[in-house]
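Results of the structural survey
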Amino acid sequence: MGGWAIAVHGGAGVDPNLPKERQEEGMRLLGRCVDVGISALRSNIPAIDVVELVVRELETDPLFNSGRGSVLTENGTVEMEAIIMDGPKRRCGAVSGLTTVKNPISLARLVMDKSPHSYLAFSGAEEFAEKQGVELVDNEYFITENNVAMLKLAKEANSIVFDYRIPAPGTVGCAVVDKEGRCAAATSTGGLMNKMRGRIGDSPLIGCGTYACELCGVSCTGEGEAIIRSTLAREVAAVMEYKGLNLHEAVDFVIRNRLDEGKAGLIALSKKGEVACGFNTTGMFRGCATEDGFMEVGIW
Amino acid sequence: MGWAIALHGGAGDIPLSLPPERRLPREAALRHCLGIGIAAFKAHKHPLDVAELVVRELENHPNFNAGRGSVLTNSGTVEMEACIMDGKTKKCGAVSGLTTVVNAISLARLVMEKTPHIYLAFEGAEAFAREQGLETVDSSYFITPENIERLKQAQEAHRVQIDYTQPVQKEVKNGAANADGDSQIGTVGCVAVDSEGNLATATSTGGLVNKMLGRIGDTPIIGAGTYANHLCAVSATGRGEAIIRGTVARDVAAVMEFKGLSLKEAAAYVVDQVPRGTTGLVAVSSTGEVAMPFNTTGMFRACATEDGYSEIAIWDSPSK
């Protein structure tokens, strides 16, 4: 026990009929991200930097629902949110409503490190981004053909598309514990396909979609409403803290008992170097590795 | 058991030397809002309606940091946020970045009831308010002279002030007339439980004095400033960033559930865990208990239970 560990996810709720190439593409990307994380951890880079690094990779790749490749609002635009949390002192930074920031997770980091606040959104966040000199691009940069087509489908079906009902890409996240036992978690997303303008989901809400403390780091994905109502990420840590459950027991308990009719998944790791994932959806894109050489990437 | 209600007008460094002309109107407002809540329960309203009603009253009152009387951003504008949650169903609604909506809490309720989402913010939220026909006014309606003064002080001191900070030390030492400038305002909130154990919570705020544009605090973050489930309903106030990190509202319920503590014990425990001077909360449980702990100098608060007990306070025992 002990040592570093890393877990990543690319969304819970996967269409069982997802074409093989898409499945493989997703697993390859996650595998690559895990490798990026492993190299960083072997170079003694702290957990908080590793989660940012890895999520940047996921945002930059158009495959999953974050950064480029984000799903579209009802107006056909992109509004992104992200959050990063540093376990040791539970410092955090979150952003919502971003439209031009190339890497939302890095802006979330700057909110945590360079502002007196924990959460900035919409034009205030964009203004902060400009002042901080982060890379800005046109909204079009984030929009992919796939998502334009999916928005059309969603509008025809007159629905808000949850990750798993129509094959829409998933939120991304990463949790890491480094050699010193410090945990960190980060999540980034474009939200729900066909969402109302101004809609904020579970991802940037500390304790709901993302959480990290002395004991563990957690990143969730799935039905935002269910994750918020169950304060899912905090729940994992709370049962460890207040009920003395270990990581696996905590994840199991929470997924089994806290979601009611909701569908969601999460990745989690503990300061002892344990990794766990749980989901009550059909599949979750995920990958993980621990210092003792264990590595796994999977969907089902 | 009967119904119970508790409400707050903000926790912080409220000086014991608060002059009567600042204290009395706030006590009167608390009394008035408590009365509204009591009347609503007597008329058999659901706790969600009671909580919303009471918070609307607090928002309309210019002496509290919500709705009219909201503190100002670093640009001299208001950006209001609110959150409401039903304990039984755990349905919730939240809004942020409002600039023209007279009652943010009512918009939060509409988000909960009329959209497939939980949280709307900024322009999207404002557009939704208009669609729903909610009362909107020119932003200037919310801005009060006291808050213009508070912003000025904060900017001169180069800081972002929590709801209830004292002005900079030198001003206090000089005994300046505005020494009590910052210390009487804060987030507002109400928690309510009926005789059947149905719980609800509602919180509303203008946020932090001199905050950055776009800054979101603890109030609209479910589990941080606001939370209700089948065990209890909680509304927190104080330094947003500390309440967020401490997932204060959620933890009260978690500690009750996982450690088997009573509401009072759980609430006191959680407030004890966050840094001194940052947090206060009001909470009621499904069995009609009331708790109003705070680790700040004071917290504007009031509560009442069906058996006729009622209380209005600012300082005194922190473990009520």
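Residues numbered from 1 in each chain as written. Chains lettered and ligands numbered in written order. Predicted model: local features only at pLDDT ≥ 70, side-chain atom pairs only at ≥ 80, totals over all residues. Heavy atoms only, no water.

1. Considering the overall build of chain B
To be explicit about the condition: Each helix is a run of H or I in the DSSP string that is no shorter than four residues. Each strand is a run of E no shorter than two, and both are numbered from the N terminus. Values of the radius of gyration come from C-alpha atoms, whereas the globule rule sets the reference at 2.2 Å times the count of residues to the power 0.38. Any residue under 20% of the maximum accessible area for its type is buried, any over 50% is exposed, and the rest in between are partly exposed; the area is computed with a 1.4 Å probe on protein chains only. Any pair of residues with heavy atoms lying within 4.5 Å of one another is described as a contacting pair.
What chain B contains, in helices and strands, is nine helices and twelve strands. The globule rule puts the C-alpha radius of gyration for 320 residues at 20 Å, and the 18 Å found for chain B is close to it. Principal-axis analysis of the C-alpha atoms places the extent of chain B at approximately 50 × 45 × 35 Å. Relative to its 320 residues, chain B shows a buried fraction of 66%. A fraction of 67% describes how many contacts in chain B between residues 6 or more apart in sequence connect residues 24 or more apart.

2. A closer look at the interface of chain A and chain B
Worth spelling out the cut-off: Two parts lose some accessible area (1.4 Å probe) when they are put together, and adding that loss for both gives the buried area. Throughout this description, the term salt bridge denotes a Lys or Arg side-chain nitrogen within 4 Å of a carboxyl oxygen of Asp or Glu. A 3.5 Å cut-off defines polar contacts: any pair of N or O atoms within that distance qualifies, except that in protein one atom must be a possible hydrogen donor and the other a possible acceptor, and neighbouring residues in sequence count only when both atoms are side-chain atoms.
Counting residues at the interface gives 42 residues for chain A and 43 residues for chain B. Overall, the association of chain A and chain B removes approximately 3600 Å² of surface from exposure, summing both partners, and the carbon and sulfur fraction of that is 63%. Together, His-117, Arg-229 and Tyr-242 of chain A form the three largest contributors to the area buried by chain A at its contact with chain B, with a combined 20%. Summed over the shared surface of chain A and chain B, the number is four salt bridges. The partner of Arg-258 of chain A in a salt bridge is Glu-257 of chain B, with the nearest N and O atoms 2.5 Å apart. Scanning the region where chain A abuts chain B turns up 18 residue pairs in polar contact (both at pLDDT 80 or more).

3. Here we look at the sheet that holds strand β8 (residues 210–212) of chain A
Pairing between the strands of a sheet comes from backbone hydrogen bonds, and it takes one of two forms, parallel or antiparallel. All names here are of chain A. As a reminder, the rule being used: Pairing between strands is defined by DSSP: at least two bridges between them are needed. The axes used here are C-alpha line fits, helices contributing only the stretch in contact, and every angle between their N-to-C directions lies in the interval 0 to 180 degrees.
One open sheet holds the four strands; their spatial order is β8-β9-β10-β11, and the pairing between them is antiparallel. Each of the sheet's edge strands pairs with one partner strand only, and the pair in question is β8 and β11 (275–279). Averaged over neighbouring strand pairs, the angle between their axes works out to 10 degrees when direction is ignored. Where strand β10 (residues 264–270) and β11 come together, five bridges link them in antiparallel fashion.

4. Section: helix α2 (residues 47–60) of chain A
Residues and elements named next belong to chain A. Applicable threshold: Multiplying 1.5 Å by the residue count of a helix minus one yields the expected span of that helix.
An ideal rise of 1.5 Å per residue puts 20 Å on 14 residues; α2 measures up with 20 Å between its terminal C-alpha atoms. Residues of α2 that are buried include every one of Ala-47, Ile-48, Val-50, Val-51, Glu-52, Val-54, Val-55, Leu-58 and Glu-59, and no others. Looking at the packing, one finds that the buried side of α2 touches β1 (5–12), α1 (20–42), β2 (80–86), α3 (104–114), β5 (172–177) and β6 (183–189).

5. Quick look at helix α5 (residues 145–156) of chain B
Residues and elements named next belong to chain B. Our working rule: What the arc covers is the set of directions going from the helix axis to the C-beta atoms.
Over its twelve residues, α5 runs 17 Å from end to end, which matches the ideal 16 Å to within 8%, given 1.5 Å per residue. Of the residues making up α5, those classed as buried are Asn-147, Arg-150, Leu-151, Gln-153 and Ala-154. One face of α5 carries all of its buried residues, which in axial projection span an arc of 165 degrees. When the buried face of α5 is taken as reference, the exposed residues oriented beyond 90 degrees from it are Pro-145 and Glu-156.

6. A look at the nonpolar core
To be explicit about the condition: We call a set of buried Ala, Val, Leu, Ile, Met, Phe, Trp, Tyr and Cys residues a nonpolar core when their side-chain atoms join them within 4.5 Å.
Counting residues in hydrophobic clusters, the biggest one holds 91 residues, and the most contacted among them are Leu-266 of chain A together with Val-252, Leu-281 and Val-284 of chain B. Val-252 of chain B has contacts with Cys-232, Val-234, Leu-263, Ala-266, Ala-267, Val-270 and Leu-281 of chain B, leaving out every residue within four places of it along the chain. Ile-6, Leu-30, Ala-82 and Val-101 of chain A belong to the second-largest nonpolar core, a separate cluster that totals 56 residues.

This is a description of form; function is not addressed.
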